[in-house]
Amino acid sequence: MLAGLELAAREVNDTGGIAGRPLELVVRDTAADPEKAAAAVDELARLGVAALAGEYHSVVARAAAGRADALGVPFLCSSAVLDALTEQPTDWVARLSPPQSRGWRIYADFLLGAGHSRIAMATQPSVYWASGTRILRDHLAERGGTVTELDMSALAPAAVCDALVEQRATALLLLVGHPEPAVPIVESVRRDRRLAEVLIGAPAGQPELTEWATLLGEDGAGVPFLRYLPEHLTPLGAQVETALRERLGEAPSFVAFEGYDTVAVLADLLRTHGTDRARIAVSWPHVAVEGTRGRIGFSRTPGISVWQWASPPVQVVDRDPSEPGRFRILHSG
């Protein structure tokens with residue numbers, strides 16, 4: 001994400017900045033900690049930033065969004081998906097990534113289309129995982145599917161294998177942290193001959209991470225997950241992909257494109273409306289920016305508390321078992 005944010009900021013400054021002034025990124029690492037995120041928002045607000053950008057972890061973004069709303073600082077969230085990003089509807093926060101209810105329902109449709117109706121989910125306590133469990137359970141139940149929850153605070157990976165056999169599950173979804181306990185669970189299931197036909201899925205996107213491939217190798221392939229890329233990037237997206245690949249030394253993840261698009265949107269707002277925080281916040285519905293993955297505009301979506309890009313692309317992909325470094329598109333929504 002940071003690489004995408006920085007690339008976009010550099011390009012803004014290479015073309016004259018904002019009204020002749022350079023665009024400055026003031027970076028603070030939230031370290032996947034909600035309290036650190038709230039403290040970072042407080043600090044950045046005191047420093048006088050025009051707007052906040054970024055964040056990857058949904059629970060952390062929720063803390064940042066709530067604080068931004070309370071302080072009256074516009075926040076464009078790049079990558080977090082929790083539907084309830086703020087407790088109450090707000091005009092201060094907008095989001096590029098799709099809400100969890102949309103993406104995870106698309107994932108559930110993929111499972112059903114692939115013939116999986118008996119689903120087990122390995123879960124951990126978290127607002128994010130609980131929300132995902134509820135979305136999947138409700139959507140699958142409406143279509144004749146069944147969901148069994150396996151609490152990983154009480155089960156060892158070997159016990160998960162026994163439970164899958166007992167329940168005759170055809171798919172196991174990893175609603176757990178990475179690398180622990182996700183990696184040991186995958187290793188146990190892959191080595192259990194009774195479960196050779198069981199699909200392992202990870203809707204939250206753990207298999208996108210380079211560390212996943214490093215730790216699991218071939219065992220980490222064939223695990224479908226959600227990512228937010230179109231089948232074909234826009235012309236801008238193709239240029240950005242080349243620049244990011246050179247910068248990172250590897251293919252960028254969808255999160256890098258989300259970072260780039262975040263700055264592209266905020267730069268457009270700053271050019272048009274200046275640096276006044278209130279003017280930026282009331283301008284979300286007027287955004288019309290060509291991003292790396294499509295044309296970006298914000299609207300109100302039923303059940304979503306923030307301004308939402310209504311049409312971000314959603315894919316279900318996996319790492320190709322014959323070439324784990326390559327991703328296969330399995331489903332689009």
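Refer to the preceding data block for the structure.
Residues numbered from 1 in each chain as written. Predicted model: local features only at pLDDT ≥ 70, side-chain atom pairs only at ≥ 80, totals over all residues. Heavy atoms only, no water.

*Asks:* Just to check I follow, could you spell out the packing of helix α6 (residues 157-167) against helix α7 (residues 182-190) for this structure?
*Replies:* Between two packed helices, what matters for the description is the angle formed by their axes and the separation of those axes. The contact between α6 and α7 brings their axes to 8 Å, and the two run at 50°. Relative to α7, the element α6 lies oblique. In the crossing of α6 with α7, the sense of the turn from one axis to the other is right-handed. Two secondary-structure elements touch here, α6 through Pro157, Ala158, Cys161 and Leu164 and α7 through Pro184, Ile185, Ser188 and Val189. (Axes fitted to C-alpha atoms, helices over the stretch in contact; angles between N-to-C directions. Helix = DSSP H or I, 4+ residues; strand = E, 2+ residues; numbered from the N terminus. Parallel < 35°, antiparallel > 145°, perpendicular 65-115°, else oblique. Left-handed = near helix turned anticlockwise from the far one by under 90°. Contact = heavy atoms within 4.5 Å.)

*Asks:* Looking at this structure, how should I read helix α5 (residues 127-141)?
*Replies:* Since the α-helix packs 3.6 residues into each turn, any two residues three or four apart lie on the same face. Here α5 contains 15 residues, and its C-alpha end-to-end distance of 21 Å stays within 8% of the 21 Å for a straight helix at 1.5 Å per residue. Within α5, the full set of buried residues consists of Tyr128, Trp129, Ser131, Gly132, Thr133, Ile135, Leu136, His139 and Leu140. Elements that come into contact with the buried residues of α5 comprise α3 (58-71), α4 (100-113), β4 (118-123), β5 (146-151) and β6 (171-175). With a side-chain oxygen lying 3.1 Å from the backbone nitrogen of tyrosine 128, the N-terminal cap of α5 falls on serine 126. (Expected span 1.5 Å × (residues − 1). Buried < 20%, exposed > 50% of the residue type's maximum accessible area, 1.4 Å probe, protein only. Polar contact = N/O pair within 3.5 Å; in protein donor to acceptor, adjacent residues only side chain to side chain.)

*Asks:* Would you mind going over the sheet that holds strand β14 (residues 323-332) with me for this structure?
*Replies:* Taken in spatial order, the 3 strands line up as β8-β13-β14 in an open sheet, and their pairing is antiparallel. Pairing within the sheet leaves two strands with one partner each, and these edge strands are β8 (225-227) and β14. The sheet shows a mean angle of 45° between the axes of neighbouring strands, direction not considered. Summarising the sheet, β8 and strand β13 (residues 315-320) pair through 3 bridges and their orientation is antiparallel. Paired with leucine 226 across the strands is valine 316, a residue of β13. (Pairing = 2+ DSSP bridges.)

*Asks:* Would you take a moment to explain the pairing of β4 for this structure?
*Replies:* Regular strands have side chains that alternate between both faces of the sheet. Counting buried residues in β4 gives 5 out of 6 residues, a clear majority hidden from the surface. When β4 meets β5, the two strands line up parallel, connected through 6 bridges. The residue of β5 that forms the bridge with isoleucine 119 is valine 147. Remark: the β4/α5/β5 crossover connection has right-handed handedness. As paired elements, β4 and β6 share 5 bridges and run parallel to each other. Within β6, the residue paired with isoleucine 119 across the bridge is alanine 171. (Right-handed = clockwise from strand over helix to strand, strands pointing away.)

*Asks:* Could you clarify how one ought to interpret the pattern of salt bridges in this entry?
*Replies:* Between side chains of opposite charge, a pair can form when the charged atoms approach closely. All told, the structure shown has 17 salt bridges when counted by the stated rule. One salt bridge connects aspartate 109 with arginine 143, and the closest N-O pair in it is separated by 4.0 Å. You can see aspartate 109 sitting in helix α4 and its partner arginine 143 sitting in the loop between α5 and β5, a full 34 residues away along the chain. We classify aspartate 109 as partly exposed; its relative accessible area is 33%. Residue arginine 295 pairs with glutamate 290 through a salt bridge whose shortest N-O separation is 3.6 Å. If you follow the salt bridges from partner to partner, you end up with Asp109, Glu142 and Arg143 in one network. (Salt bridge = Lys/Arg side-chain N within 4 Å of Asp/Glu carboxyl O.)

*Asks:* Quick question: what am I supposed to make of α6 here?
*Replies:* Of all the positions in α6, only Val160, Cys161, Ala163 and Leu164 are classed as buried. Take α6 and look down its axis: the buried residues cluster within an arc of 165°, on one side only. Considering only its buried residues, α6 is in contact with β4, β5, β6 and α7. Once α6 finishes, arginine 168 follows within two positions and takes phi at roughly 55°, a positive value. (Arc of directions from axis to C-beta.)

*Asks:* What exactly am I supposed to notice about the side chain of serine 101 here?
*Replies:* Here serine 101 shows up in helix α4. A polar side-chain atom of serine 101 sits 2.7 Å from a polar atom in the side chain of aspartate 83. When near neighbours in sequence (up to four residues on either side) are disregarded, serine 101 contacts Asp83 and Ile135.

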